[in-house]
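The primary structure of each chain is shown beneath.
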Amino acid sequence: EAAVTQSPRNKVTVTGGNVTLSCRQTNSHNYMYWYRQDTGHGLRLIHYSYGAGNLQIGDVPDGYKATRTTQEDFFLLLELASPSQTSLYFCASSVGGQDTQYFGPGTRLLVL
Amino acid sequence: GQQVQQSPSSLVLQEGENAELQCNFSSTATQLQWFYQSPGGSLVSLLSNPSGTKHTGRLTSTTVTKERRSSLHISSSQTTDSGTYLCAIHRKAGNYKYVFGAGTRLKVIA
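Source: prediction; values computed, not measured. (Residues numbered from 1 in each chain as written. Chains lettered and ligands numbered in written order. Predicted model: local features only at pLDDT ≥ 70, side-chain atom pairs only at ≥ 80, totals over all residues. Heavy atoms only, no water.)

Q: Would you mind going over the packing of aromatic side chains in detail, with residue names and values included?
A: All names here are of chain A. With the rule as written, the count across this model stands at 13 aromatic pairs over all chains. Seen from their ring centres, Tyr64 and Tyr89 are 5.9 Å apart, and the 65 degrees between their planes marks the pair as edge-to-face. Taken together, the residues span a long stretch of sequence, with Tyr64 in the loop between β6 (56-57) and β7 (65-68) and Tyr89 in strand β9 (residues 87-94) at a distance of 25 residues. With a relative accessible area of 6%, Tyr64 lands in the buried category. An angle of 85 degrees between the planes, with centres 6.1 Å apart, marks the rings of Phe90 and Phe103 as edge-to-face. (Phe/Tyr/Trp six-rings, centres within 6.5 Å; stacked < 30°, edge-to-face > 60°. Helix = DSSP H or I, 4+ residues; strand = E, 2+ residues; numbered from the N terminus. Buried < 20%, exposed > 50% of the residue type's maximum accessible area, 1.4 Å probe, protein only.)

As structure tokens, then:
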């Protein structure tokens, strides 16, 4: 089973703060994804990547940057956090774009 | 409009009853997955079923691609089945992105 870990698991910041969410997968999957989950919306894709150095825009990218530094590591950056970014963030990985996605445990972010 | 719609939005069952969850989608899907999200928030893939019928344990999924719908049948429900069930489609047109429905929240009571 693919292992996807996220850190931190919980984060509180203030409006305008700088936040970095980290994701690591250890099964050499090509694709990695960042989602946010909000009540009534299901999961919405923020950014994704199909390899180190690659970045693709998802459906709700505004206010977020992402960087895939290695095959294993994918980071989500909120440079000027806003209360609207309070959410549950999931990272996922998959071998190919249509293959089963394996999710991390999630990061709860609260922006005050 | 919403590309993936799930129904019902919530469901309460007595232990032992069967559940039928529906997923309707507006775009042609080349892949479809059902996920389970525990009350604690963790997400796991249950099965992939872009067409036809698939079984795993007490779960049966039937997808009719031409009609853009899929169902997930849970037989003999258990309290540990409580949680949210998410349907996600991979669209035929577009990049490698899945689109998720809002989910069906299932509660099984003893």
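Structure's up, so let's keep going.
Q: Any details on the interface of chain B and chain A? Residues and values, ideally.
A: Accessible area lost on assembly of the parts is the figure often given for the size of an interface. In this complex, chain B contributes 20 residues to the contact, which on the side of chain A involves 22 residues. Taken together, chain B and chain A are joined by zero salt bridges. Linking chain B with chain A are five residue pairs in polar contact (both at pLDDT 80 or more), by the criterion used here. Of all the secondary structure elements, the ones that give two or more residues to the side of chain B that touches chain A are β4 (29-37), β5 (43-48), β9 (83-91) and β10 (98-100) of chain B. At five residues, β4 of chain B tops the list of elements feeding residues into the side of chain B that touches chain A. When the residues that make up the side of chain B that touches chain A are grouped by side-chain class, the tally is seven nonpolar, eleven polar and two charged. (Contact = heavy atoms within 4.5 Å. Salt bridge = Lys/Arg side-chain N within 4 Å of Asp/Glu carboxyl O. Polar contact = N/O pair within 3.5 Å; in protein donor to acceptor, adjacent residues only side chain to side chain. Nonpolar A, V, L, I, M, F, W, Y, C, P; charged D, E, K, R; others polar.)

Q: Give me the environment of Thr15 of chain A: which residues, what numbers.
A: Residues and elements named next belong to chain A. The residue Thr15 is located in the loop between β2 (10-13) and β3 (19-25) in this model. Its relative accessible area of 48% is what places Thr15 among the partly exposed residues. Residues Thr15 and Thr39, spaced 24 residues apart in sequence, show a C-alpha to C-alpha distance of 21 Å. Leave out the neighbours within four places in its chain, and Thr15 touches Ala81, Pro83, Val111 and Leu112. A distance of 2.6 Å separates the side chain of Thr15 from the backbone oxygen of Leu112, its partner in a polar contact.

Q: Break down the state of the cysteines for me, citing the residues and quoting the values.
A: Residue and element names in this part refer to chain A. Evaluated as defined, the whole model comprises two disulfides over all chains. Bridging Cys23 to Cys91, the disulfide has an S-S length of 1.8 Å. Its S-S torsion of about -75 degrees marks the bond between Cys23 and Cys91 as left-handed, since a negative value means left-handed. Of this pair, Cys23 sits in strand β3 while Cys91 is found in strand β9, placing the two residues 68 residues apart along the sequence. Cys23 sits in the buried class, given a relative accessible area of 2%. Among the residues examined, Cys91 registers a relative accessible area of 0% and is labelled buried. (Disulfide = S-S within 2.5 Å.)

Q: An account of the pattern of salt bridges is requested, with residue identities and associated values reported.
A: Side chains that differ in charge, positive against negative, can pair when their charged atoms come close. All names here are of chain B. Under the counting rule described, the total for this entry stands at six salt bridges over all chains. Close ionic contact of Arg58 with Asp81 constitutes a salt bridge, the shortest N to O distance being 2.8 Å. One end of the pair, Arg58, is in the loop between β6 (52-56) and β7 (59-64); the other, Asp81, is in the loop between β8 (69-74) and β9, with 23 residues separating them in the sequence. Glu67 is paired through a salt bridge with Arg69; the nearest N and O atoms lie 2.7 Å apart. Of the residues examined, Glu67 reaches a relative accessible area of 48% and is grouped as partly exposed. Looking at Arg69, the relative accessible area reads 33%, which means it is partly exposed.

Q: An account of the layout of surface pockets is requested, with residue identities and associated values reported.
A: Approximately 440 Å³ is the volume found for the largest pocket. Surrounding the largest pocket, 22 residues form its lining, Gln37 of chain A together with Gln37, Thr84, Ala102 and Arg105 of chain B being those nearest its centre. Looking at the lining of the largest pocket, the elements that each hand over two or more residues are β4 (31-38) of chain A together with β9 and β11 (104-109) of chain B. No other element matches the three residues that β11 of chain B contributes to the lining of the largest pocket. Its residues placed into classes, the lining of the largest pocket shows four nonpolar, 15 polar and three charged. (1 Å grid on protein atoms, 1.4 Å probe; cavity = no way out; pocket = protein on both sides within 12 Å on 5 of 7 lines; lining within 4 Å. Points joined across faces, edges and corners; volume = space filled by probe spheres on them.)

Worth remembering: the numbers are spatial, not functional.
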